[in-house]
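Coordinates in review
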Amino acid sequence: MILILLFLVDVTPLARAHAHNDYEHPRPLLDALDHGFCSVETDIFLRDGQLLVGHEAKNLKPERTLEKLYLAPLRERVIKNQGHVYSVPTKFYLFVDLKTHAKDTYPVLHELLAKYHGMLTEVTHGKVTERAVTVVLSGNRPSLEELATQSPRYAAYDGRLSDLDSKAPTHLMPVISDNWASKIRWGGSAPMQTPTREFLQSCIQKAHSQGRLIRFWATPEKEAVWKLLLDLQVDLINTDRLSELRAFLLSNNR
């Protein structure tokens, strides 16, 4: 009963909450929205001209499309909320992880996104029009050069730590993301070593100095890790545990 009542009222949007592998929840996208998440991530495969959502090719189902699970319900929300995903103006990110080759997958994705251009951040001849949802391409991304020359463009590039010295404009590369387990290797049980903390701080500061968000995936699902990420001003905190992260962020006024 408490859970039902919670979602009968407007949820507090949580700008730092990122739903990793969002499609694995019972209600893809909708569960994340009910918890106030402002960033969700989905994997897509190109199959017979359709963009199907799933973690592995063997588990794909024809009815689970990117359009049905994400784009259409987001547009419905944006219309309902007069141009925003939530009832209050909040930036919202849809990370799309391309699992099949970009050469084949991205043109189909671009064509689909064009159908929903009214809610998507768009760049045309260098002019940026911010809208309710910003799409960020991860996984098998098109090259940065290809995206830079595309007009109109409805998606941006998910950078890596190796891109921290890039001169790309923020509308092209708004986020730097990387694998925590391979770069940091700290699980939250013992104090973080000073060199590791300094490396992490330098990455975050450099990303922020360029106006980019920063995110890590494969982070341990521990409050000690979440607290460190908050303290160091990591912008998007990765989780599969929607309720736990929501409670943590609210208790920390974030």
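Up top is the structure these notes are about.
The present account deals with the structure reproduced in this document. This is a predicted model, so every value here is computed, not measured. (Residues numbered from 1 in each chain as written. Predicted model: local features only at pLDDT ≥ 70, side-chain atom pairs only at ≥ 80, totals over all residues. Heavy atoms only, no water.)

Quick look at the packing of aromatic side chains
To be explicit about the condition: The pairing test for Phe, Tyr and Trp rings, Trp by its six-membered ring, is centres within 6.5 Å, and the orientation test on the planes gives stacked under 30 degrees, edge-to-face over 60, and tilted for anything in between. Only runs of H or I of at least four residues qualify as helices and only runs of E of at least two qualify as strands under DSSP, and these elements are numbered from the N terminus. The buried label applies to any residue whose accessible area, calculated with a 1.4 Å probe on protein chains only, is under 20% of its type's maximum; exposed applies above 50%, and partly exposed to all values in between. Distance and angle both matter: a charge sits over a ring if NZ of Lys or CZ of Arg is within 6 Å of the ring centre and within 35 degrees of the ring normal.
Following the criterion strictly, the structure yields two aromatic pairs and no others. Here the aromatic rings of Trp180 and Phe216 are separated by 5.4 Å at their centres, their planes lie at 80 degrees, and the arrangement is edge-to-face. Linking Trp180 in helix α6 (residues 180-183) with Phe216 in strand β10 (residues 213-217), this pair joins segments that are 36 residues apart in sequence. With 5.6 Å between their ring centres and 55 degrees between their planes, Trp226 and Phe248 make a pair best called tilted. With Trp226 in helix α8 (residues 223-231) and Phe248 in helix α9 (residues 242-251), this pair connects stretches of sequence that are 22 residues apart. For the pair formed by Trp226 and Phe248, the shared burial category is buried. The ring of Phe95 carries the charged tip of Arg215 above its face, separated from the ring centre by 4.6 Å.

Topic: the environment of Pro13
Here Pro13 shows up in the loop between α1 (2-6) and β1 (14-19). Between the alpha carbons of Pro13 and Gly36 there is a distance of 4.2 Å; along the sequence they are 23 residues apart.

Considering α8
As a reminder of what qualifies: The criterion used for residue contact is that any of the two residues' heavy atoms lie within 4.5 Å.
Turning to α8, its buried residues are Val225, Trp226, Leu228, Leu229 and Leu230. Residues of α8 that are buried sit in contact with β1, α6, α7 (194-209), β11 (236-239) and α9. Count one or two residues on from α8 and you reach Gln233, which has phi positive near 70 degrees.

Comments concerning the pairing of β11
The condition that has to hold: Any two strands between which DSSP finds at least two bridges are classified as paired. If you view a crossover with the strands going away from you and the path from the first strand over the helix to the second runs clockwise, you call it right-handed.
What you see with β11 is no split at all: Leu236 and Asn238 on one side and Ile237 and Thr239 on the other are buried throughout. Bridge count for β1 against β11 is three bridges, and the pairing is parallel. Following the sheet pairing, His18 is matched in β11 by Asn238. Note that β10 and β11 share two bridges and pair parallel. In the sheet register, Phe216 faces β11, and the bridge partner there is Ile237. For the segment spanning β10, α8 and β11, crossover handedness is right-handed.

Here's the deal with the packing of α8 against α9
Two packed helices can be described by the angle between their axes and the distance between those axes. This is how the line gets drawn: Only the stretch in contact is used when fitting a helix axis, every axis being a line fitted to C-alpha atoms; angles between N-to-C directions are given from 0 to 180 degrees. Throughout this description, any angle smaller than 35 degrees is read as roughly parallel, any larger than 145 degrees as roughly antiparallel, any in the 65 to 115 degree range as roughly perpendicular, and the remainder as oblique. Handedness of a crossing is defined here by the sense of rotation of the near helix relative to the far one, left-handed for an anticlockwise turn of less than a right angle and right-handed for a clockwise turn. Each residue gets one label: Ala, Val, Leu, Ile, Met, Phe, Trp, Tyr, Cys and Pro are nonpolar, Asp, Glu, Lys and Arg are charged, and the others, such as Gly, are polar.
For the pair α8 and α9, interaxial distance at closest approach is 11 Å and the crossing angle is 50 degrees. Compared by their axis directions, α8 and α9 come out oblique. In the crossing of α8 with α9, the sense of the turn from one axis to the other is right-handed. Contact residues: Glu223, Trp226, Lys227 and Leu230 in α8; Glu244, Leu245, Phe248 and Leu249 in α9. Tallied by class, residues from the contact of α8 with α9 come to five nonpolar, no polar and three charged.

Let's talk about the pattern of salt bridges
Rules: Take a side-chain nitrogen of Lys or Arg and a carboxyl oxygen of Asp or Glu: if they are within 4 Å of each other, that pair is a salt bridge.
Under the counting rule described, the total for this entry stands at 14 salt bridges. Where salt bridges share partners, they join Glu41, Asp158, Arg160 and Arg215 into one cluster.

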